[in-house]
Structures are given as structure tokens and as C-alpha cells.
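# What the coordinates show
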Amino acid sequence: MLQFFSRTLTRREMMLGCTMLSAALFLSALPAAFGWGRAQLDTGAMLCADTLRFHIRADSDSPADQTDKLAVRDAILAHMDAHCPAQDKPAALRWMAENLPVLELTAQAVLARRGVFSTVTVRLVEMYFDTTRYSTGTLPAGRYQALRIDLGDNARHGKNWWCVLYPGLCRAACGGYALPAENELTCGKYVVRFKCVEWWQRMTASREDKVLVETVSPSQALRASSPKGRAN
């Protein structure tokens, strides 16, 4: 061994030594890197679970339908500002579930005043959102629960409008999460930890919408209350 270090190493020996040293360093850092990545993904999952979003789909891209969409948005937000006492996401979700019919009537009233009598569908859903940038922060791609309002019967819909109900009630995406790591992920710079969460969600999150709660039309309610519509 002493003789080995007492002579000048050949180029091949030096390359082999560097390769072995790099491999050793990589293997020693692997557990720490895996733990760091796991922590970022866990934070991203908590962020999705702690966020309630608001999504409105217009009937088409026509100026009239897009204006209707914004009028409904303003009325729904005003109603929630005045009547929703929730201070956290679980309470907001419960309030939304209980008040879907009221929100539907609010949207229908806005459209009626504008001379529009198209279908309005209000649901609580779990759905996939792409990465969304706001003036005060960015939410990574992933599956979020959302209040969704569909205007009209066009299956293709027009341009969407969305924001964050909780935290922020569509005023900001930041400042209301319980864990500092969630606020750092949302409000921090677009850095490696955000890219890690974004990449994972885009690769693994389902794109299929899941309806959690929806309003019941009068015809559906009538069928459900009839003897044939009841379960034995």
C-alpha cells in the first residue's frame, strides 16, 4: 500500500480513484436527498388538503357569456363575504356543502337579471389544477377540492375563472396556512422544492374529476321522495 502512494499515479488510476470517490459521495448523500424529497412531497400533499379553490366555467367564450361568468363570480363572493362565518378550510367546506342550493339560486338570480335563463350547476368537487400563479404566490399542480359552478349546458365550456377561497377568500393565496412549510412552498421563490412537488403531481395526479357534493334538481328530489325512489 505504501509503495502505491509513493509513486505517481497513472492517468487511468487517477480516473478510477475519482470515479470511486464520486460514487461513494453519491451513495452517502442519497438517503438525505430522498428524505428531503419526501418532505417536499408531504408538504405539497398537505397544501392540497388545506386549500379550497373556486372554479367557474362559462357557457362559451362569447363576450356575453364571459361577462355573465364575472357577474356570477362577484355575486357569489359577495354572498360568501356576508354570510360565510368559516375561519378555516374544514368549516368552509361544511358551509359550502350546506349552502350549495343557496349559491345556485344566487347565480340564477344574477343571470335572470341579465335576461339569461340557462342551467346553473353548483358542486363541490375534487379535481386536478395546473400550476397557478397569483400576484402573491403560486400553487403547485395537483388535486384540490373546489367549489365549481358551471354555467349553461355546453360540455366544452368557455374560458375558466378560478381563485382560492381558503385561505384568502380570493384575495391572496398566502398567509393563512397552518404550517410555515406550506407558506414557504406557496409564497417562496420558484425554487427546486416547488419544482419537485410540481413534477411529481403532474406525473402521478389523476385528471378525473370527482364530485363530492352537488345540488339536486326538483325532478331528482321528486323521484327520490317517491315510493319507487326510496331504498328498501
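Please read all numbers here as calculations on a predicted model, not as lab measurements.

Our focus in this paragraph is the environment of E98. When you line up the elements, E98 lands in helix α4 (residues 89–113). Classification of E98 as exposed rests on a relative accessible area of 61%. Once the C-alpha coordinates of E98 and V213 are considered, the two residues, 115 residues apart in sequence, prove to be 9.4 Å apart.

With that settled, the discussion passes to unusual backbone geometry. Residue Y166 is joined to P167 through a cis peptide bond whose omega torsion reads -5 degrees. Within the secondary structure, P167 sits in the loop between β6 (160–166) and α5 (180–187). In this structure, H157 takes a positive phi of about 65 degrees despite not being glycine. Among the secondary structure elements, H157 is positioned in the loop between β5 (142–151) and β6. Overall, H157 belongs to the buried group, its relative accessible area being 19%.

Bringing the pattern of salt bridges into the picture now. Proximity of charged atoms lets side chains of opposite charge pair with each other. For the coordinates displayed, the defined rule picks out eight salt bridges. Salt-bridge contacts for D74 lead to R73; the nearest nitrogen and oxygen are separated by 3.0 Å. For D150, the salt bridge goes to R123, with nearest N and O atoms at 3.6 Å. Residue D150 is found in strand β5, and its partner R123 is found in strand β2 (residues 120–129); the two are separated by 27 residues along the sequence.

The strands making up a sheet are joined through hydrogen bonds of the backbone, oriented either antiparallel or parallel. One open sheet accounts for five strands, arranged β6-β1-β5-β2-β7; its pairing is mixed. Looking at strand neighbours, the two that pair on one side only are β6 and β7 (210–214), the edges of this open sheet. Ignoring strand direction, the axes of neighbouring strands in this sheet form an average angle of 30 degrees. Pairing of β2 with β7 involves four bridges; the strand directions are antiparallel. When the bridges of β7 are listed, L124 appears paired with V213. Across the sheet, helix α3 (residues 63–83) is in contact with β1 (52–57), β5 and β6; its angle to β6 comes to roughly 10 degrees. Sheet contacts for α4: β1, β2, β5, β6 and β7; angle to β2, the most-contacted strand, approximately 135 degrees.

This brings us to the nonpolar core. Core analysis: the biggest nonpolar cluster contains 30 residues, and F54, M80, M96, L103, L147, I149 and L165 have the highest contact counts within it. Elements with a minimum of two residues in this core: β1, α3, α4, β2, β5 and β6. At nine residues, α4 tops the list of elements feeding residues into this core. Among residues more than four places away in sequence, those in contact with M96 are L52, M80, L103, L124, L147 and L165.

A word on a nonpolar patch on the surface. A contiguous nonpolar surface patch, about 380 Å² in accessible area, is contributed by W199, W200 and M203. Relative to the helices and strands, W200 resides in helix α6 (residues 192–204).

About the cut-offs
- Residues numbered from 1 in each chain as written.
- Predicted model: local features only at pLDDT ≥ 70, side-chain atom pairs only at ≥ 80, totals over all residues.
- Heavy atoms only, no water.
- Helix = DSSP H or I, 4+ residues; strand = E, 2+ residues; numbered from the N terminus.
- Buried < 20%, exposed > 50% of the residue type's maximum accessible area, 1.4 Å probe, protein only.
- Salt bridge = Lys/Arg side-chain N within 4 Å of Asp/Glu carboxyl O.
- Pairing = 2+ DSSP bridges.
- Axes fitted to C-alpha atoms, helices over the stretch in contact; angles between N-to-C directions.
- Contact = heavy atoms within 4.5 Å.
- Core = buried A, V, L, I, M, F, W, Y, C linked by side-chain atoms within 4.5 Å.
- Patch = residues over 30% accessible without salt bridge, like charges linked within 9 Å, V, L, I, M, F, W, Y side chains within 5 Å.
- Areas by Shrake-Rupley, 256 points an atom, 1.4 Å probe, with all protein chains shown as cover.

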